[in-house]
Amino acid sequence: MKHESKPAFSYPVRVGHISANPVTLHLSASETERRALADLWSVDDVLSLDADLQVARWKKDGVKIKGEVHARIVQTCVVTLEPVEANIREPVEAILVPEGSRLARQADNDGGEMILDPEGPDIPDTFEGDTIDAGEVVSEHVALAIDPYPRKPGAVFGERIESSAADDKRPNPFAVLKDLKKD
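Residues numbered from 1 in each chain as written. Predicted model: local features only at pLDDT ≥ 70, side-chain atom pairs only at ≥ 80, totals over all residues. Heavy atoms only, no water.

(A) Local environment of the overall build of the protein. The helix and strand inventory of the protein stands at four helices and seven strands. Along the chain direction, N to C, the helices and strands of the protein fall in the order β-β-α-β-β-β-β-β-α-α-α. Here the protein holds 183 residues, and 29% of them are scored as buried. Relative to all contacts within the protein whose residues are 6 or more apart in sequence, the contacts with residues 24 or more apart total 67%. In the structure as shown, the protein presents an accessible area of about 13,000 Å², 51% of it carried by carbon and sulfur atoms. (Helix = DSSP H or I, 4+ residues; strand = E, 2+ residues; numbered from the N terminus. Buried < 20%, exposed > 50% of the residue type's maximum accessible area, 1.4 Å probe, protein only. Contact = heavy atoms within 4.5 Å. Areas by Shrake-Rupley, 256 points an atom, 1.4 Å probe, with all protein chains shown as cover.)

What follows is the structure, encoded as structure tokens:
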């Protein structure tokens, strides 16, 4: 998880302090973080963002984050352009391993093609140094759960205006030349 700028919602966890026994974390976004997240997610407002997570070691040098995130956001309805409030409740599950770990490598066949199982687990994300960012993991899971086309309950598009065959007929570009020939 390399980023040049400071993430909108951050909760750094030192990997060296994580044991095999899960540690419970409760994360809650401040008003400043919620404004930054609203800009990041291109929504009108983030009313709340809370996450309950368990962080534990995974295999030898990896970290597993598991839990649930709750968010309330305000978006613009794609039909009426009025504000729409959405409640997001999303499970969070992520595995992170250090950069260069053999656990982060993608399996491939003899021809060099990557083997992906669409129903299988994702490959682990990587981190550098001795710190992971649990807040960034939460932020990514919420971003993926946001409805890209929110609608106010009961809002529907009006009847479509269909064009007629006469409307669709394009004028002939040589029609002007035809009139010149007559003269």
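What follows picks up the thread again.
(B) Geometry of the nonpolar core. Of all hydrophobic cores here, the largest spans 33 residues; its most connected members are Trp41, Leu49, Leu53, Ile65 and Ile132. Going through the elements one at a time, strand 2 (23–28), helix 1 (31–41), strand 3 (45–58), strand 4 (62–76), strand 5 (83–98) and helix 2 (134–145) are the ones with two or more residues in this core. When residues no more than four places from it in sequence are discounted, the contact partners of tryptophan 41 are Val46, Leu49, Ile73, Ser139, Val142, Ala143 and Ile146. (Core = buried A, V, L, I, M, F, W, Y, C linked by side-chain atoms within 4.5 Å.)

(C) Inspection of the pairing of strand 5 at higher detail. In the sheet, strand 4 pairs with strand 5 via 14 bridges, with the strands oriented antiparallel. Its bridge partner lying in strand 5, glutamate 68 is registered against proline 91. In this antiparallel pair of consecutive strands, strand 4 and strand 5, the connection spans six residues, and leucine 81 shows a positive phi of 65 degrees. As paired strands, strand 5 and strand 6 (residues 125–127) are joined by three bridges and run parallel to one another. Bridging across to strand 6, leucine 96 finds its partner in aspartate 125. (Pairing = 2+ DSSP bridges.)

(D) Structural view of the packing of helix 1 against helix 2. Put simply, helix 1 and helix 2 touch, their axes get as near as 11 Å, and they point 45 degrees apart. By the criterion of interaxial angle, the relationship of helix 1 to helix 2 is oblique. Handedness of the helix 1/helix 2 crossing: right-handed. Residues Leu37, Leu40 and Trp41 of helix 1 lie in contact with helix 2, whose contacting residues are Ser139, Val142 and Ala143. The residue makeup of the contact of helix 1 with helix 2, split by class, is five nonpolar, one polar and no charged. (Axes fitted to C-alpha atoms, helices over the stretch in contact; angles between N-to-C directions. Parallel < 35°, antiparallel > 145°, perpendicular 65-115°, else oblique. Left-handed = near helix turned anticlockwise from the far one by under 90°. Nonpolar A, V, L, I, M, F, W, Y, C, P; charged D, E, K, R; others polar.)

(E) The arrangement of the layout of surface pockets in detail. In this structure, the largest pocket occupies an estimated 360 Å³ of space. Around the largest pocket, the lining is made up of 14 residues, and of these Glu93, Ala94, Ile95, Asp122 and His141 lie nearest the centre. At the level of secondary structure, the elements contributing two or more residues to the lining of the largest pocket comprise strand 5 and helix 2. Counting residues per element, the lining of the largest pocket draws most heavily on strand 5, at five residues. Within the lining of the largest pocket, the residues separate by chemical class into eight nonpolar, one polar and five charged. (1 Å grid on protein atoms, 1.4 Å probe; cavity = no way out; pocket = protein on both sides within 12 Å on 5 of 7 lines; lining within 4 Å. Points joined across faces, edges and corners; volume = space filled by probe spheres on them.)

(F) Seen up close, the environment of proline 153. Turning to its location among the elements, proline 153 is positioned in the loop between helix 2 and helix 3 (165–168). A C-alpha to C-alpha distance of 9.5 Å links proline 153 and cysteine 77, two positions 76 residues apart in sequence.

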